[in-house]
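Topology and contacts: notes
Below are the chains, spelled out letter by letter.
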Amino acid sequence: MSSTVRMIDIAVNFTDLMFKGIYNGRQCHAADIPAVLARAWSAGVDRIIVTGGSLQESKEALAIAETDGRLFCTVGVHPTRCKVEFEESGDPEQHFQALVSLAQEGIQKGKVVAIGECGLDYDRLQFCPADIQMKYFEKQFELAETVKLPMFLHMRAAAEDFCDILAQNKERFISGVAHSFTGSAEDRDRLLSFENLFIGINGCSLKTHDNLDVLRGIPVERMMIETDSPYCEIRTTHAGRQFVKSDWPSKKKEKYDHDSTVKGRNEPCFVRQVLDVVAGSKGIGDLERLSKVLYHNTCRVFFPSDLDTAADALLESGHNVQ
């Protein structure tokens, strides 16, 4: 693999039990984040953002981020968890203030880089009704405004309400990314109408030929890449798989080997496959240059004090990635 390709995986669920070796309640192997990280760094991943989806998960994400200088995290509440997290907490405002305090602590440690994962998910209303999701999606703009961080956003089957809330609160957040995007061309264009918003692409974004058509309409200057691991792998049945040029040996979880990936479990090194598919589906031959633009986009939002000046100059020159 090319050592000149630099990537940032903006979404890794390292708090998930699969990274502790637990699958469907059964311990199949020891916790293995160090081995997973070693593969990621070898693949050209420079940094990883660990996702927080609840107060407790955000605390765990921060603790994980503190174990390596290349790990960072988010603080927020996933839309499907807003009922339990806020409404059933006994004191929603106290719960919110605990999120504020955690975000401030993580910022002081140089680890918390975004508020989220927050947004709307109408595919899973059985976990939280739409009105409660909207209420606490809006509330988390207050959190982003208070701590002056970008937003890590989730939108699933809810583009109209999602974009309406974004529009109503557009002055309250500096920038953000709608991650794990699986929407239509219309959804894409609505998101792109917000100048400070980027679109996160992972395996779930690359399943069908329609998905790839939508992807082709996203300018690389408005895109980021991610795995959302341990979910959203690029499977052999997916339309995007034809463009994958990088792979790793894998073994079933029952036959775990720390030198191999776990079959069916996504992990950060596979962000390289997302890069492959973006390049292949958009007809981009220069993978290194593409990776630089995506890297720059990610730094611009989450690591603004560490922008790559060369990438800055490249973008300002107006040259398209080919």
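Reading the values: the criteria
In this convention, every chain numbers its residues from 1, walking through the sequence in written order. Where local features are concerned, this predicted model is filtered to residues with pLDDT of at least 70; where side-chain atom pairs are given and counted, the filter is 80 or more; whole-chain, interface and lining totals use all residues. Where side-chain values are given, they derive from all heavy atoms of the structure, hydrogens and water being excluded. By the criteria applied, helices consist of DSSP H or I runs no shorter than four residues and strands consist of E runs no shorter than two, each listed in order from the N terminus. Classification of residues uses two cut-offs on accessible area relative to the type maximum, computed with a 1.4 Å probe and protein chains only: under 20% is buried, over 50% is exposed, and between them is partly exposed. Whether two residues touch is decided by their heavy atoms; if any such pair falls within 4.5 Å, the residues are in contact. What counts as a salt bridge is simple: a side-chain nitrogen of Lys or Arg found within 4 Å of a carboxyl oxygen of Asp or Glu. Aromatic rings from Phe, Tyr and Trp, taking only the six-membered ring of Trp, are treated as a pair when their centres fall within 6.5 Å; an angle between ring planes under 30 degrees marks them as stacked, one over 60 as edge-to-face, and anything in between as tilted. By the criterion adopted, a ring carries a charge over it if an Arg CZ or a Lys NZ lies within 6 Å of its centre and within 35 degrees of its normal.

This paragraph deals with the environment of Ala157. Inspection of the secondary structure puts Ala157 in the loop between β7 (151–156) and α6 (159–168). When its relative accessible area of 55% is taken as the criterion, Ala157 is described as exposed. As for Ala157 and Asp187, which are separated by 30 residues in sequence, their C-alpha atoms are 9.5 Å apart. If near-sequence neighbours (up to four positions away) are discounted, Ala157 is found in contact with Tyr122 and Asp123.

Any two side chains of opposite charge can pair if their charged atoms end up close together. What the rule picks out here adds up to 23 salt bridges. One salt bridge connects Arg81 with Glu57, and the closest N-O pair in it is separated by 3.1 Å. Taken together, the positions of Arg81 in the loop between β5 (71–75) and α3 (82–87) and Glu57 in helix α2 (residues 55–65) put the pair 24 residues apart, joining distant regions of the chain. Under the relative-accessibility criterion, Arg81 is labelled partly exposed at 32%. For the salt bridge of Lys251 with Asp257, the shortest nitrogen-to-oxygen distance reads 3.6 Å. Judged by its relative accessible area of 22%, Asp257 is partly exposed.

Before going further, it helps to examine the packing of aromatic side chains. Throughout the structure, instances matching the rule amount to seven aromatic pairs. Ring centres of Phe72 and Phe303 lie 4.8 Å apart, and the angle between their planes is 65°; this geometry places the pair in the edge-to-face category. Of the two residues, Phe72 sits in strand β5 while Phe303 sits in the loop between α10 (287–302) and α11 (309–316), which places them 231 residues apart along the sequence. According to the relative accessible area criterion, Phe72 is buried, its value standing at 10%. Classification of Phe303 by relative accessible area gives buried; the value is 6%. Among the aromatic residues, those joined into a ring-pair cluster are Phe137, Phe141, Phe162 and Phe173. The cationic tip of Lys111 hangs over the ring face of Phe72; the distance from NZ or CZ to the ring centre is 5.0 Å. Looking at Lys139, its charged tip hangs above the ring of Phe96, at a distance of 4.4 Å from the centre.

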